[in-house]
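# A structural walkthrough
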Amino acid sequence: MKIWLRRVRHDLVKPLVWPARDLADLKRPLRPADRQELISALDRLIDEAGAPVTATELWQQLRAAAPAGVPARDLDRFERALLRALAACRDEAPAAVEALLALEPALAALARCGRGGAP
């Protein structure tokens, strides 16, 4: 479980959250170039084989490789957070940064579930 969670964190969450964190630190409204940076981060991830993939494709690969003991409802919960973040970025929602930052607590909840704790 730990290795899989590290992959999710390193390959999917960090590349999406770090640009959002940088923009949040600026404490100003998002500009068109900021939004474009967030959107391009969604489409330039790298899978385990080194191939370029989108965030959705990478999550599908990671979900398929999830350890047997991870309940589907917990994977679904993380997936909903990811899809909300992706939609917010693509729809140019003002809450795009917050939605991306919400991936960190969503991953933490997934990790707790995988250890048998409550989400």
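What counts, and at which threshold
- Residues numbered from 1 in each chain as written.
- Predicted model: local features only at pLDDT ≥ 70, side-chain atom pairs only at ≥ 80, totals over all residues.
- Heavy atoms only, no water.
- pLDDT = per-residue confidence, 0-100.
- Helix = DSSP H or I, 4+ residues; strand = E, 2+ residues; numbered from the N terminus.
- Core = buried A, V, L, I, M, F, W, Y, C linked by side-chain atoms within 4.5 Å.
- Buried < 20%, exposed > 50% of the residue type's maximum accessible area, 1.4 Å probe, protein only.
- Contact = heavy atoms within 4.5 Å.
- Arc of directions from axis to C-beta.
- Salt bridge = Lys/Arg side-chain N within 4 Å of Asp/Glu carboxyl O.

The predicted coordinates ought not to be read in detail in places where the model reports low pLDDT. Looking at the protein chain, the pLDDT average stands at 91 and 95% of residues meet or exceed 70. Element-level mean pLDDT values for the protein chain span from 89 in helix α2 (residues 32-42) up to 97 in helix α3 (residues 55-64).

Right, let's get into the nonpolar core. The nonpolar side chains of a soluble globular protein tend to be buried with one another. Membership of the largest hydrophobic core comes to 39 residues, with the highest contact counts inside it found for Leu-12, Leu-16 and Phe-78. By residue number, the principal contributor to this core is helix α1 (residues 2-26), which donates 9 residues. Every residue in contact with Leu-16, bar those within four places of it in the chain, is listed here: Ala-41, Leu-42, Leu-45, Ala-55, Leu-82, Leu-100 and Leu-103.

The phi angle at Lys-27 is positive, at roughly 50°, despite the residue not being glycine. Counting through the fold element by element, Lys-27 comes out in the loop between α1 and α2. You can call Lys-27 exposed: its relative accessible area is 73%.

Along the chain, the position of Val-70 falls in the loop between α3 and α4 (72-90). With 40 residues separating them in the primary sequence, Val-70 and Leu-110 have C-alpha atoms 8.5 Å apart. Setting aside anything within four residues of it in sequence, one finds Val-70 in contact with Met-1, Leu-75 and Leu-110.

On to α3. Considered for burial, the residues of α3 that qualify are Ala-55, Leu-58, Trp-59 and Leu-62. End-on, the buried residues of α3 take up no more than an arc of 100°, which puts them together on one face. With respect to the buried face of α3, the exposed residues turned more than 90 degrees away are Gln-60 and Ala-64. Contact partners of the buried residues in α3: α1, α2, β1 (45-46), β2 (52-53) and α4.

The next thing to look at is the pattern of salt bridges. Summed over all chains, the structure comprises 9 salt bridges. Two residues, Arg-21 and Glu-104, come together in a salt bridge whose shortest N-O distance is 2.5 Å. Of the two residues, Arg-21 is situated in helix α1 and Glu-104 in helix α6 (residues 103-114); the sequence distance between them amounts to 83 residues. Residues Asp-34 and Arg-28 are paired through a salt bridge, measuring 2.5 Å at the closest nitrogen-oxygen approach. Given the relative accessible area of 7%, Asp-34 is considered buried. Salt bridges sharing common partners tie together Arg-7, Asp-11 and Glu-48.

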